[in-house]
Amino acid sequence: MKTYIQVALIVVGCLAIAGCASKHFIIDRYPVSETSGFVLDLDEVRRLATAGGGELPVEVRSLVVAEASMPRWFAMAGGGSGSIPFDIVAYQVVYPDGTVIIDSCFDKEEAYDGIAVFFLRKFQLNTYSQENYEILQESLRNASLILVTHEHFDHIGGIAASPYPTEIIPHLLLTKEQAEGPIATDPRFLGGEFSGYVPLSYEGPYYTAKPGIVLIKAPGHAPGQQIIYVTTKDGNEYLFIGDIIWNRENLKRRVYRPRISSMKDDLDSAREEFRWVLEKLYDDPSNKIIYVISHDRDQLRDYINAGVITEGFK
Ligand SMILES: [Zn+2]
Ligand SMILES: [Zn+2]
């Protein structure tokens, strides 16, 4: 009898611990602060973007290499059951005489086993287009500048596995933090041709020397995360906000990721960046800036339908 009671108590105790852990790691929300300490001086960014003169880009294009989905509870605190689309996308900024690539998706087979498997367990890969991956590799090879929003494998993996390392390295602009990440420091990165690379160090907004493109540090989600500002000839302005959030629903519900999916984040910075996006881009009815959430399939569809991003690479 005593044994049954002991077992029952242990089971109840375990369930209570599991319940508390689930609440803490999956359901509990980080409070969204009232104001954001994240500094993004848009007037200065706009000034820098055009100060060097030169022809501005004529369009922004997108290429979906993989379609995936992610559990809602993993993408947003208290998100519940079901899943959200989580696509793996690269972007191409087109000039009259060249292109700039933002992010590089990942190679299906070679996205460094350990890291890839860790992340792939969090999202389910539904389709993978080898054809688009090969188009992306050719586009990286032909680009005059290659940028990534941050150093996670779903953004830098295509660069890591490029079959043309010596051709793309001269056009690759990685920041110090991105170059010091686990993927770029792996000896297999860019076929081992990466040693001696001098990364970019910057603090305030940084003009890339490509008309219309400025980088802004945003290190909450990853130490090397940056927002990429692009303005085009027709006056459109874009902010590629990387993985500050994974879906517009975070903004709609005003919740950041749960603890379980933000354990590696610098949470103070991440919450301030999230708050900035919420306040300046989402809540402000006068905002005209096209902010691009890397993995939000429905947002990308809306931008394609609105004619501000073109589907497919040139
Ligand atoms: Zn990321
Ligand atoms: Zn990502």
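Our subject is the structure listed above.
Predicted model only: the values in this text are computed from it and were never measured.

What counts and how
- Residues numbered from 1 in each chain as written.
- Chains lettered and ligands numbered in written order.
- Predicted model: local features only at pLDDT ≥ 70, side-chain atom pairs only at ≥ 80, totals over all residues.
- Core = buried A, V, L, I, M, F, W, Y, C linked by C-beta atoms within 7 Å.
- Buried ≥ 20, exposed ≤ 12 C-beta atoms within 10 Å, placed from the backbone.
- Helix = DSSP H or I, 4+ residues; strand = E, 2+ residues; numbered from the N terminus.
- Contact = placed C-beta atoms within 7 Å.
- Pairing = 2+ DSSP bridges.

Draft legend 1. Spotlight on the nonpolar core. Of all hydrophobic cores here, the largest spans 77 residues; its most connected members are Ala90, Ile102, Ile228, Tyr229, Phe240 and Ile241. Tallying contributions element by element places strand 1 (residues 59–71) first for this core, with six residues. Look past the residues within four positions of Ile228 in its chain and what remains in contact with it is Ile102, Leu147, Thr149, Ile213, Leu215 and Phe240.

Draft legend 2. Looking closely at the sheet that holds strand 7 (residues 206–207). Strand order across the open sheet formed by five strands is 7-8-9-10-11, with mixed pairing between neighbours. With one partner strand each, in any of the chains shown, strand 7 and strand 11 (290–292) form the two edges of the open sheet. As defined by bridge partners, strand 7 adjoins strand 8 (residues 213–217) across two bridges and the pair is classed as antiparallel. If you follow Tyr207 over to strand 8, its bridge partner there is Val214.

Draft legend 3. Seen up close, helix 10 (residues 267–282). The complete set of buried residues in helix 10 reads Ala270, Arg271, Glu273, Phe274, Trp276, Val277 and Leu278. The inward-facing, buried residues of helix 10 abut helix 9 (248–253) and strand 11.

Draft legend 4. Representation of the pairing of strand 8 within the structure. When you tally the buried positions in strand 8, you get five out of five residues, the bulk of the element. Burial of strand 8 is two-sided: the residues Ile213, Leu215 and Lys217 facing one way and the residues Val214 and Ile216 facing the other way are all buried. Count of turn residues in the strand 7/strand 8 antiparallel hairpin: five residues, of which Ala209 carries a positive phi of about 75 degrees.

Draft legend 5. The environment of Ala184, seen in detail. Among the secondary structure elements, Ala184 is positioned in the loop between helix 8 (176–179) and strand 7. According to the C-beta neighbour criterion, Ala184 is buried, with 22 such atoms within 10 Å. Separated by 31 residues in sequence, Ala184 and Phe153 have C-alpha atoms that sit 9.7 Å apart. The contacts of Ala184, once residues within four sequence positions are left out, are Glu151, Ile156, Leu174, Gln178, Ala179, Phe189 and Phe194.

Draft legend 6. Here's a closer look at unusual backbone geometry. Even without a glycine there, the phi angle at Asp103 is positive, about 70 degrees. By the secondary structure assignment, Asp103 is in the loop between strand 4 (98–102) and helix 4 (113–120). Using a count of 28 C-beta atoms within 10 Å as the deciding quantity, one classes Asp103 as buried. A positive phi angle is found at Arg254, which is not glycine, with a value near 60 degrees. Following the sequence through the fold, Arg254 ends up in the loop between helix 9 and helix 10.

Coordinates in, geometry out; function isn't part of it.
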